[in-house]
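Observations on the model geometry
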Amino acid sequence: MSKIDKLMDVVRIGGDDEGAGPVVIEEATDGSASGVKLHPLVIINISEHFTRIRSQNDGAGQTVLGLLLGVQSGRHVELFNSFEMVAEVVADADGKPLIQFEAEFLKDKLLQFKEVFPKLDLLGWYCTGTELTAQHLEIHTQMLSLGDSVYFKDSETKNLTLSEAPLLLLLDPTPRPHARELPLRIFEHHIEIVGNVQKTSFVTLGYSLASEEAERIGVDHIAKVSGSGGQDKASEVSIYLDTQRGAVVMLQQRIKIIRNYLRDVRDGKLERNNELLRLLSALCSRLPITTDGDSGGASFLENANDSMLVSYLAMVTKGCSAISEVLDKFPMVHDKGNRRSRAFY
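A few points on the structure.

1. Things to note about the overall build of the chain
A tally of helices and strands in the chain yields eight helices and eleven strands. Within the span of the chain, comprising 345 residues, buried residues form 28% of the whole. Residue pairs in contact within the chain that sit at least 24 positions apart in sequence constitute 64% of those at least 6 positions apart. Looking at the chain as shown, the accessible area adds up to about 23,900 Å², and 54% of this sits on carbon and sulfur atoms.

Shown next, in the form of structure tokens:
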């Protein structure tokens, strides 16, 4: 067990330990927060992060940490992506162990993501585990004060948007075998004053899965291939691509047969069959005509010019119609002006 795992298991939130503090888990109410839209890429990234670390440690699972990226509009949050976070166990001012992530690595990683995905902002962090501990609150406090860090006060980070209310996604890496729901929960930091005492809690938020076409194809491929248990089972996209590949290979083989036949007839190795040659000539006449050294660029350019010409003709026709409408209305306006002038005199 790593130092981070040992520290994560020290105090359970809401437990009976004296060091647990006033941290509890509450269920979300109707007026607490809007639901969160979670994309499959986030879950895949967290699972891959945990699996990779476990493989590197000879099958021993460890707690992994990372950050969540997405888009927030008011109380509506949509999580699109995530990346792992470098963390270490350090001693605080009182000499107690504390999990702290590397702010410089975090800043560099966020700047790289901002260049590729300018619309995504830092909206929270993720962690693997079965339940929350007091260390989750310590890490969450670091996330709340991240904007005040010296690493995010320079000119490079002026375009970075850090959420004032970061979320926490807790993924259980050892779910029940027959669980019908995903083994994850999303929490929101909540502070309230009860009897002049500050009460800190993590409020559970509801979430729903949202995916785009590319994500659905990827998830379908991963689910069918990785879940086949070594059997010959592929996703729909793999079956489609294999079919297309088979058709192209078959076409190439038949073209090769025709080419070899024509070469043998030309060299006198085979007897000339006029009927068959006429069929091949008819087949070749259906192909686009290309000149020597032209791979179809001239034909494509000609078709593009024809399409542009049709568009120009449509624009000219529309302009002529507008001019005709103006010419029809002009005499009516001109006659009304003349009547007013005669009435004045």
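2. Quick word on the packing of aromatic side chains
Tallying each qualifying case throughout the model produces three aromatic pairs. Their ring planes at 20° and their centres at 5.1 Å tell us that Phe-83 and Phe-113 sit as a pair that is stacked. Taken together, the residues Phe-83 in strand β4 (residues 76-84) and Phe-113 in helix α3 (residues 103-116) connect sequence positions 30 residues apart. Taken as a pair, Phe-83 and Phe-113 share a single burial class, namely buried. Through pairs of rings, three or more aromatic residues link up here, namely Phe-83, Phe-113 and Phe-117.

3. What to know about empty space enclosed by the protein
Counting across every chain of the model gives two cavities of 30 Å³ or more. Of the pockets and cavities examined, the second largest cavity occupies roughly 40 Å³. In this structure, the second largest cavity is lined by Leu-122, Met-143, Leu-146, Leu-162, Ser-163 and Pro-166. If one sorts the elements of the lining of the second largest cavity by residue count, strand β8 (residues 162-171) sits on top with three residues. For the lining of the second largest cavity, the per-class residue count stands at five nonpolar, one polar and no charged.

4. Observations concerning helix α2 (residues 40-56)
The terminal C-alpha atoms of α2, which comprises 17 residues, lie 24 Å apart, in line with the 24 Å expected from a rise of 1.5 Å per residue. Residues of α2 that are buried: Pro-40, Val-42, Ile-43, Ile-46, His-49, Phe-50 and Ile-53. Count one or two residues on from α2 and you reach Asp-58, which has phi positive near 60°.

5. A look at the layout of surface pockets
When its volume is computed, the largest pocket comes out at roughly 550 Å³. As for the largest pocket, its lining consists of 23 residues, and the residues nearest its centre are Ile-43, Ile-44, Ser-47, Leu-182 and Pro-183. Looking at the lining of the largest pocket, the elements with two or more residues in it are α2 and α5 (213-226). It is α2 that contributes the most residues to the lining of the largest pocket, seven residues altogether. A breakdown of the residues in the lining of the largest pocket according to their chemical character gives 15 nonpolar, four polar and four charged.

Calculation notes
- Residues numbered from 1 in each chain as written.
- Predicted model: local features only at pLDDT ≥ 70, side-chain atom pairs only at ≥ 80, totals over all residues.
- Heavy atoms only, no water.
- Helix = DSSP H or I, 4+ residues; strand = E, 2+ residues; numbered from the N terminus.
- Buried < 20%, exposed > 50% of the residue type's maximum accessible area, 1.4 Å probe, protein only.
- Contact = heavy atoms within 4.5 Å.
- Areas by Shrake-Rupley, 256 points an atom, 1.4 Å probe, with all protein chains shown as cover.
- Phe/Tyr/Trp six-rings, centres within 6.5 Å; stacked < 30°, edge-to-face > 60°.
- 1 Å grid on protein atoms, 1.4 Å probe; cavity = no way out; pocket = protein on both sides within 12 Å on 5 of 7 lines; lining within 4 Å.
- Points joined across faces, edges and corners; volume = space filled by probe spheres on them.
- Nonpolar A, V, L, I, M, F, W, Y, C, P; charged D, E, K, R; others polar.
- Expected span 1.5 Å × (residues − 1).

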